[in-house]
Amino acid sequence: MKETILLFHPPAREELLKIEMALFPLHIRLRRIRPEDYNQPLGVLAGVKDLSPAEGTYEGDELPDTLFVFCFFGDNKLDQALAALRKCGAGPFPYKAVLTPSNSQWTAPDCFEEIRREHEAMHP
């Protein structure tokens, strides 16, 4: 599948344009996820065929910060994408994850909370 970044709680327009411009030469698809879809499993949002979508829509709060979920990336392309995001002048963006079989059933709020806990444990 094509390298895709799921973007939750996108930054302001100016930063978003910097992100889009940084990723464009790498041919990486950036998919902005609407808050009403935050109840869907990450794998469903990424287009994994074997997963079933959740019913209903998300009615909770917006995520506290921007979250990137990198889907279908090889190591080299992931390194290129991360470098491009660092260099583009938007950010920093501390909340990033890679889609895995383990987290493909998680929702965006679940993923964000897990990353936030890990981030706080590493940076007390």
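What counts, and where the lines are drawn
- Residues numbered from 1 in each chain as written.
- Predicted model: local features only at pLDDT ≥ 70, side-chain atom pairs only at ≥ 80, totals over all residues.
- Heavy atoms only, no water.
- Buried < 20%, exposed > 50% of the residue type's maximum accessible area, 1.4 Å probe, protein only.
- Helix = DSSP H or I, 4+ residues; strand = E, 2+ residues; numbered from the N terminus.
- Pairing = 2+ DSSP bridges.
- Right-handed = clockwise from strand over helix to strand, strands pointing away.
- Salt bridge = Lys/Arg side-chain N within 4 Å of Asp/Glu carboxyl O.

Trainee: Whenever I open this one, the pairing of strand β3 (residues 67-71) confuses me. Can you help?
Mentor: A regular strand places its side chains so that they alternate between the two faces of the sheet. Of all five residues in β3, five are buried, a share of seventy percent or more. What you see with β3 is no split at all: Leu-67, Val-69 and Cys-71 on one side and Phe-68 and Phe-70 on the other are buried throughout. As defined by bridge partners, strand β1 (residues 4-8) adjoins β3 across five bridges and the pair is classed as antiparallel. Looking at β3, one finds that Phe-8 is bridged to Leu-67. Taken together, β3, helix α3 (residues 75-87) and strand β4 (residues 96-98) form a β-α-β motif whose crossover is right-handed.

Trainee: So what exactly am I meant to see when it comes to the pattern of salt bridges here?
Mentor: Note that side chains of opposite charge can pair when their charged atoms are close. The tally for this structure, following the rule as stated, stands at eight salt bridges. A salt bridge links Lys-18 to Glu-14; its shortest N-O distance comes to 4.0 Å. Here Glu-14 and Lys-18 lie together in helix α1 (residues 13-23), a separation of four residues that amounts to about one turn. Linking Arg-116 and Glu-113 is a salt bridge whose minimum nitrogen-to-oxygen distance equals 2.3 Å. Of the two residues, Arg-116 and Glu-113 both sit in helix α4 (residues 108-122), three residues apart, roughly one turn of that helix. The structure contains a network of salt bridges with shared partners spanning Arg-34, Glu-36 and Asp-37.

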